[in-house]
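Report on the structure
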Amino acid sequence: MSSFKDCVCISQARIISGRQKGTHICTIAYQPAEQKFLRLCVPYTRGKSPVLKRWSVFDFQGTKEGLQNDTRDETWNAETLRRRGASLDAAAKRSIHASILSNYKYESELNSDRLSVGLLIPEKKTLDFDIKHFNPNVEKDQKQIERSEYMAGLGIWFPTYKVMVRGKRRCEGEVKPFAKQLLAWDVYEALRKNEVDPFAQIYDYNNPYMIIGNLATQRRAFMVIGVLSAPPGYIEKYAIHQQLSLTHGHL
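Within any chain, residue numbers begin from 1 and follow the written order of that chain's sequence. In view of the model being predicted, local features appear only for residues whose pLDDT reaches at least 70, and side-chain atom pairs are presented and counted only at 80 or more, with totals across whole chains, interfaces and linings using the full set of residues. Hydrogen atoms and water are omitted, and side-chain values are computed over all heavy atoms in the structure.

Observations concerning the overall build of the protein
Within the protein, the regular secondary structure consists of six helices and 11 strands. What you see for the protein is a C-alpha radius of gyration of 18 Å, in line with the 18 Å of a compact globule of 251 residues. With the principal axes as the frame, the protein shows a C-alpha extent of 55 × 40 × 35 Å. Taking all contacts inside the protein whose residues are at least 6 apart in sequence as the whole, residues at least 24 apart take part in 63%. For the protein, the exposed area adds up to about 13,500 Å²; of that, 47% sits on carbon and sulfur atoms. The charge count includes Lys and Arg as positive and Asp and Glu as negative, but it does not include His or the ends of the chains. Where a charge sits is defined by one atom per residue type, namely NZ (Lys), CZ (Arg), CG (Asp) or CD (Glu). Charged side chains of the protein number 37 positive and 27 negative; the gap between the two group centres comes to 2 Å. Helix and strand definitions follow DSSP, with helices as H or I runs of at least four residues and strands as E runs of at least two, each counted in order from the N terminus. Computation of the radius of gyration draws on C-alpha atoms, with the globule rule given as 2.2 Å multiplied by the number of residues to the power 0.38. The contact criterion used throughout is that any non-hydrogen atoms of two residues lie within 4.5 Å. Surface accessibility in these figures is a Shrake-Rupley result with a 1.4 Å probe; residues are shielded only by whichever protein chains are displayed.

Looking at the packing of aromatic side chains
Centre distance within 6.5 Å is the pairing criterion for rings of Phe, Tyr and Trp, where only the six-membered ring of Trp is used; planes under 30 degrees apart are then read as stacked, over 60 as edge-to-face, and the remainder as tilted. All told, the structure shown has 10 aromatic pairs when counted by the stated rule. Charge-over-ring contacts are defined here by two conditions on Lys NZ or Arg CZ: a distance within 6 Å of the ring centre and an angle within 35 degrees of the ring normal. One Lys or Arg, Lys64, reaches over the ring of Trp76 and ends 4.5 Å from the middle of that ring.

Considering the pattern of salt bridges
In the sections that follow, a salt bridge refers to a side-chain nitrogen of Lys or Arg positioned within 4 Å of a carboxyl oxygen of Asp or Glu. Taken as a whole and judged by the stated rule, the model has nine salt bridges. Salt-bridge contacts for Lys180 lead to Glu107; the nearest nitrogen and oxygen are separated by 3.1 Å. Here Lys180, found in strand 9 (residues 174-182), pairs with Glu107, found in helix 2 (residues 107-112); they are 73 residues apart in sequence, far enough to count as distant. Per residue, the accessibility class of Lys180 equals that of Glu107, and both read buried. Salt bridges here are not isolated pairs; linked through shared partners, they connect Glu107, Arg169 and Lys180. A simple rule labels every residue: compare its accessible area, found with a 1.4 Å probe on the protein chains alone, to the largest value its type can have, and call it buried under 20%, exposed over 50%, or partly exposed in between.

Thoughts on helix 4 (residues 185-193)
Of all the positions in helix 4, only Trp185, Val187, Tyr188 and Ala190 are classed as buried. The inward-facing, buried residues of helix 4 abut strand 1 (2-12), strand 2 (24-31), strand 8 (161-171), strand 9 and helix 5 (198-203). One or two steps after helix 4, the chain reaches Asn194, where phi turns positive at roughly 55°.

Comments concerning the nonpolar core
The definition of a nonpolar core used throughout is a set of buried Ala, Val, Leu, Ile, Met, Phe, Trp, Tyr and Cys residues joined through side-chain atoms within 4.5 Å. Ranked by internal contacts, the top residues of the largest apolar core, which has 30 residues, are Ile10, Phe37, Ile100, Leu101, Leu119, Tyr209 and Ile211. Within the residue set of this core, elements represented by two or more residues are strand 1, strand 2, helix 1 (90-101), strand 6 (117-120), strand 10 (208-214), strand 11 (222-229) and helix 6 (234-248). By residue number, the principal contributor to this core is helix 1, which donates four residues.

Quick word on the pairing of strand 11
Extensive coverage of strand 11 is indicated by the burial of seven of its eight residues. At least two bridges found by DSSP between two strands is the condition for calling them paired. Where strand 10 meets strand 11, seven bridges bridge the pair, whose relative direction is antiparallel. Its bridge partner lying in strand 11, Met210 is registered against Val227.

Below, the structure is given as structure tokens:
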């Protein structure tokens, strides 16, 4: 058992449950003091479990028990989780943005360093989202439909579609297209409730950047866990400047 203090929730994937692993929320946290990302499997019981919100500050007791098939350093089971008052104020959020962006690496670098959580910085004008409904005649999709039905039996909504985000990004001196599955819980909740358009909200972000994470079984398959919006100039000052420094030694 390990103790983690002053962690900040920065993104969460949609609720999921399997026959081998109970209902849980995959939460990406950032620990400013250590300047590192953490991936938490937070157990969830409908109507009983405390739900973290973005920018919530919390402490937790973590264990690697039950994670034999997940050897990613960032992954922990959150055994005991305690929220710490209100969310961060504007000044504290700006500081967290700066610290997070300073960790920017290309996906090739994440893979070579065996890092399972990182950032993707898109060109804003190229962002596009689409919903792909599962086809019952496709074996891979059928498994997702069955998972949805299984979770419905537990009283938990699970979509019979997936959301894709596409666009272009600058990578290693080139502008390259990308297409990734979007797992952000806030997006799926907005779609489920049908009260606001989550894509319109993201299009309104002035400086979007994405928190990405890979799969335990497919280390090179990164997905988008959340989309944040940085303060003006922060992406250039912290992420791009950091990446150029790494590439060229110094500026």
